[in-house]
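Listed here are the chains, written in short residue letters.
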Amino acid sequence: MLIQRREGLVGKLFGGKDWYERLKEYFPEREMKSKQHFEILLKEKTEIYQVLEADDYVVVYFEQLDYIFIDYILVSGNARGKGIGGKVLEMFKERGKAIILEVEPITMEDPDSGKRIRFYERNGFKRMEEICYERIHNVSKELSKMDIYCWSEAEANEEWVLEKMKEIYSNVHAYKTQELYGVDPQSVIEVLWLKKNLLEVN
């Protein structure tokens, strides 16, 4: 069973849990959006921010003409290690667009962090070594540092990926934060930059 949701957190699957509840159980608070944030994105960006869910996985993504940003991807615990995650990524690769991901760096606190990175690398994703990405999370107020990974049929240029990440930050993560969380969004230049540009300034 495959369901695509364009609007609203509706539908009960997976033993009575909807996709939002499943994501919330797996992802730490510092990586999750509020339920209302999801609802607004799904309602107001109907054609470009969507949820794909099946019995074994959930994918939340933001799609533009030349790239897809996978905001969340979750494979059910009992389905992991069976190649399902790779098949899901292949399904997106078939659209012929670059795919961009935010991935938590390897940390001792999360034993799955190394597995996630190896999984993406096995599937052809490359870390954008020059991109620095640090933002204060809207819900937890923690400083979140993430690595950016990209898959592309052509070689991905880091400057190009940076510009797309700026779009993603503004249109997804920082969208209506004042209304939703009561805080002004950080400026893009505070959140995303290239290492080499910082070296040039210094």
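What counts, and at which threshold
- Residues numbered from 1 in each chain as written.
- Predicted model: local features only at pLDDT ≥ 70, side-chain atom pairs only at ≥ 80, totals over all residues.
- Heavy atoms only, no water.
- Phe/Tyr/Trp six-rings, centres within 6.5 Å; stacked < 30°, edge-to-face > 60°.
- Lys NZ or Arg CZ within 6 Å of the ring centre and 35° of its normal.
- Buried < 20%, exposed > 50% of the residue type's maximum accessible area, 1.4 Å probe, protein only.
- Helix = DSSP H or I, 4+ residues; strand = E, 2+ residues; numbered from the N terminus.
- Pairing = 2+ DSSP bridges.
- Salt bridge = Lys/Arg side-chain N within 4 Å of Asp/Glu carboxyl O.
- Contact = heavy atoms within 4.5 Å.

Colleague: Which parts of the structure should I look at to understand the packing of aromatic side chains?
Modeller: Centre distance and the angle of the planes are the two values used to describe a pair of aromatic rings. Overall, the coordinates contain 11 aromatic pairs when judged by the stated rule. For the ring pair W19 and Y20, a centre distance of 6.5 Å and an interplane angle of 85° mean the geometry is edge-to-face. The ring of Y175 carries K45 above its face, with NZ or CZ at 4.3 Å from the centroid.

Colleague: Help me understand the pairing of strand 9 (residues 147-151) in this model?
Modeller: Working note: regular strand, side chains alternate between the two faces of the sheet. A large share of strand 9 lies buried, amounting to 5 of its 5 residues. Burial of strand 9 is two-sided: the residues D147, Y149 and W151 facing one way and the residues I148 and C150 facing the other way are all buried. One ladder, built from 5 bridges, connects strand 5 (residues 98-103) with strand 9; its direction is antiparallel. If you follow L101 over to strand 9, its bridge partner there is Y149. Across 2 bridges, the pairing between strand 6 (residues 126-127) and strand 9 is antiparallel. Among the inter-strand pairings, K126 is bridged to a residue of strand 9, identified as C150.

Colleague: Would you explain the pairing of strand 3 (residues 57-63) in this entry?
Modeller: Burial analysis of strand 3 places 7 of its 7 residues in the buried class, the great majority of the element. Burial of strand 3 is two-sided: the residues Y57, V59, Y61 and E63 facing one way and the residues V58, V60 and F62 facing the other way are all buried. Bridge count for strand 2 (residues 49-54) against strand 3 is 5 bridges, and the pairing is antiparallel. Bridge pairing in strand 3 places E53 opposite V58. As paired strands, strand 3 and strand 4 (residues 67-75) are joined by 7 bridges and run antiparallel to one another. Residue pairing across strands places F62 opposite F69, the latter belonging to strand 4.

Colleague: Please clarify how the pattern of salt bridges should be interpreted in this entry.
Modeller: A side chain with one charge may pair with a side chain of the opposite charge, provided their charged atoms come close. Counted under the stated rule, the structure contains 13 salt bridges. A salt bridge links E134 to K145; the nearest nitrogen and oxygen atoms lie 3.9 Å apart. Of this pair, E134 sits in strand 7 (residues 131-136) while K145 sits in strand 8 (residues 143-145), placing them 11 residues apart in sequence. When its relative accessible area of 25% is taken as the criterion, E134 is described as partly exposed.

Colleague: What's the story with the environment of M91 in this structure? I'm lost.
Modeller: Secondary-structure assignment places M91 in helix 3 (residues 84-93). Among the residues examined, M91 registers a relative accessible area of 28% and is labelled partly exposed. Residue contacts for M91: discarding those within four places in its chain leaves L52 and Y57.

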